[in-house]
Amino acid sequence: MKSRWTDAEAAQYTGPLGARVYTSRLLGRERSLVLHGGGNTSVKLCEKDLFGEEREVLYVKGSGSDLETIDAGGFAPLALAHLQKLTRLPALSDAQMLNELGTQVLRAGAPVPSVETLLHALLPHRYVDHTHADAVLAVSNTPDGAQRMREIYGERVALIPYVMAGFDLAAHCAREFPKQATGKTIGMVLLSHGLLSFGAEARESYERMIELVSMAEAYLERNRAWHIALPARPAAAPGREEIADLRRAIAAQAGAPVVLRVSDAPRFLGFAQHPQVDKLSQQGPATPDHLLYTKPAPMLGRDVAAFARGYREYFERHAARAKQPKTMLDPAPRMVLDPQLGFAAAGRDAREAAIIEELYQHSIEVILSAEALGGWRGVGEAHLFDIEYWDLEQAKLRKAAAAPPFTGEIALVTGAASGIGKACAEAFLRRGAAVVGLDRNPAIESLWQRPEFLGLTVELTDAAALNASLDKAVRRFGGVDMIVLNAGIFPSSQPLQDITADSWQRAMSVNLEAPLRLLQLCHALLRLAPRGGRIVVIGSRNVPAPGPGAAAYSASKAALNQVARVAALEWAKDGIRINSLHPDAVYDTGLWTEELLAARAKAYGMSVEQYRRKNLLRTEVASRDVAELAAEMCGALFAKTTAAQVPVDGGNERVV
Ligand code: ZN
């Protein structure tokens with residue numbers, strides 16, 4: 001591992017915290033050091049208060065920011081002297097420690113300081129960096145890990161056995177560090193947890209971290225225990241329905257919908273097929289830092305009920321010895337290893353599923369390296385339980401409980417690159433859903449760069465391409481719960497006698513046959529939706545009240561409307577609801593060009609301006625108005641409604 005420091009880049013960071021922000025970001029860029037909010041950094045500065053009195057302030061990373069993108073505001077300033085005194089107390093409960101940290105914050109509105117703050121306070125050095133480096137964990141998580149660490153580092157690090165994070169760890173380090181530290185010491189290793197480096201300058205502390213990690217990497221390389229080869233056999237990938245079925249079973253145990261992210265990347269497949277996968281995968285994560293997202297161990301195979309039974313037993317084994325009464329968390333797996341499937345991550349939402357996947361990628365490397373070195377050994381079940389049911393972690397989970405209404409659910413929107421479709425995608429994203437956007441326009445793929453969105457270019461009339469898109473969607477999110485049938489075309493205005501066979505066929509193909517095929521392909525998925533399947537058809541005012549010159553359009557939309565009504569009849573027994581919206585005069589869509597607008601206005605004998613607001617309420621209807629209603633139709637308000645047809649048109653005399 002190389003230092004990424006450059007003077008030119010460093011010069012862009014100014015102010016007392018500038019260098020701290022810069023090297024924190026450098027650590028954040030190294031995925032094998034810190035992942036997803038893991039790792040933290042600090043600096044001790046001498047500052048004058050309002051009365052001109054000097055005091056030492058510890059700036060430590062607050063919760064809620066990632067090292068890769070942290071800025072000065074992401075650090076919480078605390079009164080250092082008080083924190084140092086705390087580490088000398090004989091005992092302090094975690095709740096008391098958290099309270100003390102809170103009372104010592106010197107800036108209103110600062111983020112909550114890390115639960116590892118006292119580790120930073122007790123070290124006398126100005127800059128402190130803390131990571132959970134893969135290479136260090138690989139050496140540490142072996143039966144003779146402590147001995148190997150000594151062999152690698154000698155006096156360069158203080159060596160601390162595993163103690164749970166929080167006050168006990170800080171108090172232990174406060175006693176041990178001065179005993180072990182010599183003039184050569186540049187860091188501290190916490191076995192089965194991670195390491196700290198320190199220095200007088202930001203660069204020194206950062207480069208010592210890189211140096212210490214590089215030494216562990218070199219040690220692994222010398223022992224042929226780094227970048228382990230992992231053969232993978234080709235597997236018969238499970239179909240969409242099997243994946244959706246697995247997701248449904250996990251959601252049932254979790255008590256809420258989950259996003260299931262499936263990957264058959266060679267490392268995942270190889271690990272899932274490893275002859276000793278049961279031994280290697282069931283000893284917990286490499287560092288307690290990963291546990292909040294991942295639960296103690298992955299589920300092997302796909303028997304969710306058996307996993308849940310095992311989890312209940314694990315809870316009961318350990319809850320009895322806990323000082324405080326514990327309430328069991330949901331018994332659903334967060335990870336699945338299966339020789340056919342590869343790896344699947346079950347997150348409360350798409351972001352969490354992506355985090356779990358990345359954490360486990362790193363876990364696999366650590367496990368394989370440790371196993372090659374002398375035998376992988378995880379944190380141990382009792383320690384795992386203490387962390388998983390640690391009050392401080394449980395508080396974080398409770399905070400996550402107030403989630404938006406479609407959290408863990410998946411919506412598929414056709415024609416999502418622009419207009420009503422794009423507005424629908426936004427409306428579902430706002431409500432917490434993962435969204436699959438389909439469109440023939442390749443712009444769909446880069447519409448949003450976020451884990452909750454998957455944009456796929458597809459010609460909806462191409463059955464094979466549509467099928468392939470659904471495969472991708474289900475592997476990314478685990479199913480399809482809600483569909484917005486939005487994509488459609490409006491052939492140019494033509495009187496009946498002039499409509500060509502081509503124009504007619506095209507309208508039928510895009511507006512009727514393609515949505516019908518999508519419904520057919522998705523029925524099995526909708527049936528497995530944890531909260532029941534929901535479909536919204538974006539119809540048209542032309543269904544109840546056709547317009548002159550629009551025979552092909554009106555007929556195709558009316559036919560789709562009948563399909564929707566039949567679907568309501570046939571699929572109600574499967575828990576699937578289908579409702580239609582009939583928008584009118586929505587002009588901020590890809591369908592409407594200036595020429596088309598002029599032509600339609602002329603057909604009605606109106607100016608374009610009159611035509612825009614030709615409704616009873618004299619209001620303009622926007623894409624967002626339609627999208628919000630489409631999303632609500634999938635929510636609790638419409639839970640008892642199917643086969644409804646609701647106009648979104650500002651009121652139309654011909655419809656009322
Ligand atoms: Zn840590």
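As shown above, the structure is provided for reference.
Please read all numbers here as calculations on a predicted model, not as lab measurements.

**What about the overall build of the protein chain?**
For step 1, the next point in the chain: Looking only at helices and strands, one finds 24 helices and 18 strands in the protein chain.
For step 2, the next point in the chain: Seen along its three principal axes, the alpha-carbon backbone of the protein chain occupies a region of about 95 × 65 × 50 Å.
For step 3, the next point in the chain: By sequence separation, contacts in the protein chain at least 24 residues apart represent 72% of the contacts at least 6 residues apart.
For step 4, the next point in the chain: When the accessible surface of the protein chain is split by element, carbon and sulfur atoms take 52% of a total near 27,200 Å².

**So, the coordination of the zinc ion**
For step 1, the next point in the chain: The protein atoms donating to the zinc ion are E116 (OE), E116 (OE), H130 (NE2), H132 (NE2) and H193 (NE2), with metal-donor distances spanning 2.1 to 2.7 Å.
For step 2, the next point in the chain: Read in sequence order, the donor residues coordinating the zinc ion give the pattern E-x13-H-x1-H-x60-H. Placement of E116 in the loop between α4 (94–103) and α5 (117–122) and of H193 in the loop between β6 (187–190) and β7 (194–199) is noted, with a sequence separation of 77 residues between them.
For step 3, the next point in the chain: Overall, the relative accessible area of 9% leaves E116 in the buried class.

**Concerning the state of the cysteines**
For step 1, the next point in the chain: In the structure shown here, the tally under the stated rule is zero disulfides.
For step 2, the next point in the chain: The thiol of C634 is not disulfide-bonded; the next cysteine sulfur, from C424, is found 8.9 Å away.

**With respect to the pattern of salt bridges**
For step 1, the next point in the chain: With the rule as written, the count across this model stands at 39 salt bridges.
For step 2, the next point in the chain: Across the pair R31 and E358 runs a salt bridge, and its minimum N-O distance is 2.8 Å. With R31 in the loop between α2 (18–28) and β1 (40–48) and E358 in helix α15 (residues 350–373), this pair connects stretches of sequence that are 327 residues apart.
For step 3, the next point in the chain: Judged by relative accessible area, which is 17%, E358 ranks as buried.
For step 4, the next point in the chain: Within this structure, R430, R431, E628 and E632 form a network of salt bridges that share partners.

**Looking at helix α18 (residues 419–430)**
Spacing of three or four residues puts side chains on the same side of an α-helix, whose turn is 3.6 residues.
For step 1, the next point in the chain: Its twelve residues give α18 an end-to-end C-alpha distance of 17 Å, which sits within 8% of 16 Å, the value for a rise of 1.5 Å per residue.
For step 2, the next point in the chain: In terms of burial, α18 is largely enclosed, as nine of its twelve residues are buried.
For step 3, the next point in the chain: Buried within α18 we find G419, I420, G421, A423, C424, A425, A427, F428 and L429.
For step 4, the next point in the chain: Along its buried surface, α18 packs onto β12 (410–414), β13 (434–439), β15 (482–485), β16 (534–538), β17 (577–583) and α24 (623–633).

**Considerations on the packing of aromatic side chains**
For step 1, the next point in the chain: Going through the model one piece at a time under the given rule, you end up with 16 aromatic pairs.
For step 2, the next point in the chain: Ring plane angle 55 degrees and centroid distance 5.1 Å describe the contact between F315 and Y389, whose orientation is recorded as tilted. Of this pair, F315 sits in helix α14 (residues 304–319) while Y389 sits in the loop between α16 (381–388) and α17 (391–399); the two residues are 74 residues apart in sequence, bridging distant segments of the chain.
For step 3, the next point in the chain: By relative accessible area, which is 1% here, Y389 ends up buried.
For step 4, the next point in the chain: Ring centres of Y587 and Y611 lie 5.8 Å apart, and the angle between their planes is 45 degrees; this geometry places the pair in the tilted category. Of the two residues, Y587 sits in the loop between β17 and α22 (594–603) while Y611 sits in helix α23 (residues 608–612), which places them 24 residues apart along the sequence. The exposure classification of Y587 matches that of Y611, with both residues buried.
For step 5, the next point in the chain: Taking the ring centre of Y311 as reference, the NZ or CZ of K295 above it sits at 4.6 Å.
For step 6, the next point in the chain: Lying over the aromatic face of Y604, K614 brings its terminal NZ or CZ to 4.8 Å of the ring centre.

**Side note on the sheet that holds strand β8 (residues 259–263)**
For step 1, the next point in the chain: Pairing within the open sheet is mixed, and its four strands lie in the order β8-β11-β10-β9. Edge positions in the sheet fall to β8 and β9 (299–300), since each of these pairs with one other strand and no more.
For step 2, the next point in the chain: Both β9 and strand β10 (residues 335–338) contribute to a ladder of two bridges, which runs parallel. Paired with L300 across the bridge in β10 is L337.
For step 3, the next point in the chain: Those strands touched by α15 are β8, β10 and β11 (342–347), and its axis lies near 140 degrees from that of β11.

**Some words on the sheet that holds strand β3 (residues 75–79)**
For step 1, the next point in the chain: Strand order in the open sheet formed by seven strands is β3-β2-β1-β4-β7-β6-β5, with mixed pairing between adjacent strands. Each edge of the sheet is formed by a strand with only one pairing partner; in this case those strands are β3 and β5 (157–160). The average undirected angle you get between the axes of adjacent strands in this sheet is 20 degrees.
For step 2, the next point in the chain: Pairing of β1 with strand β2 (residues 54–61) involves seven bridges; the strand directions are antiparallel. Of the residues in β2, the one forming a bridge with S42 is V60.
For step 3, the next point in the chain: Strands β5 and β6 of the sheet are contacted by helix α7 (residues 145–153), whose axis makes an angle of about 175 degrees with β5.

**A few points about the packing of helix α10 (residues 240–254) against helix α19 (residues 463–477)**
The relative placement of two packed helices is expressed as an angle between their axes plus a distance between the axes.
For step 1, the next point in the chain: Relative to each other, α10 and α19 sit at 25 degrees, their axes nearing to 10 Å. It follows that α10 is roughly parallel to α19 by the angle criterion. Here α10 runs over α19; the crossing is left-handed. Within the contact between the two elements, α10 uses R240, I243 and R247 and α19 uses N467, L470, D471, V474, R475 and F477.
For step 2, the next point in the chain: Among the residues making up the contact of α10 with α19, the classes are represented as four nonpolar, one polar and four charged.

What counts, and where the lines are drawn
Residues numbered from 1 in each chain as written. Predicted model: local features only at pLDDT ≥ 70, side-chain atom pairs only at ≥ 80, totals over all residues. Heavy atoms only, no water. Helix = DSSP H or I, 4+ residues; strand = E, 2+ residues; numbered from the N terminus. Contact = heavy atoms within 4.5 Å. Areas by Shrake-Rupley, 256 points an atom, 1.4 Å probe, with all protein chains shown as cover. Donors = N, O, S within 2.8 Å, 3.2 Å for Na, K, Ca; no water. Buried < 20%, exposed > 50% of the residue type's maximum accessible area, 1.4 Å probe, protein only. Disulfide = S-S within 2.5 Å. Salt bridge = Lys/Arg side-chain N within 4 Å of Asp/Glu carboxyl O. Expected span 1.5 Å × (residues − 1). Phe/Tyr/Trp six-rings, centres within 6.5 Å; stacked < 30°, edge-to-face > 60°. Lys NZ or Arg CZ within 6 Å of the ring centre and 35° of its normal. Pairing = 2+ DSSP bridges. Axes fitted to C-alpha atoms, helices over the stretch in contact; angles between N-to-C directions. Parallel < 35°, antiparallel > 145°, perpendicular 65-115°, else oblique. Left-handed = near helix turned anticlockwise from the far one by under 90°. Nonpolar A, V, L, I, M, F, W, Y, C, P; charged D, E, K, R; others polar.

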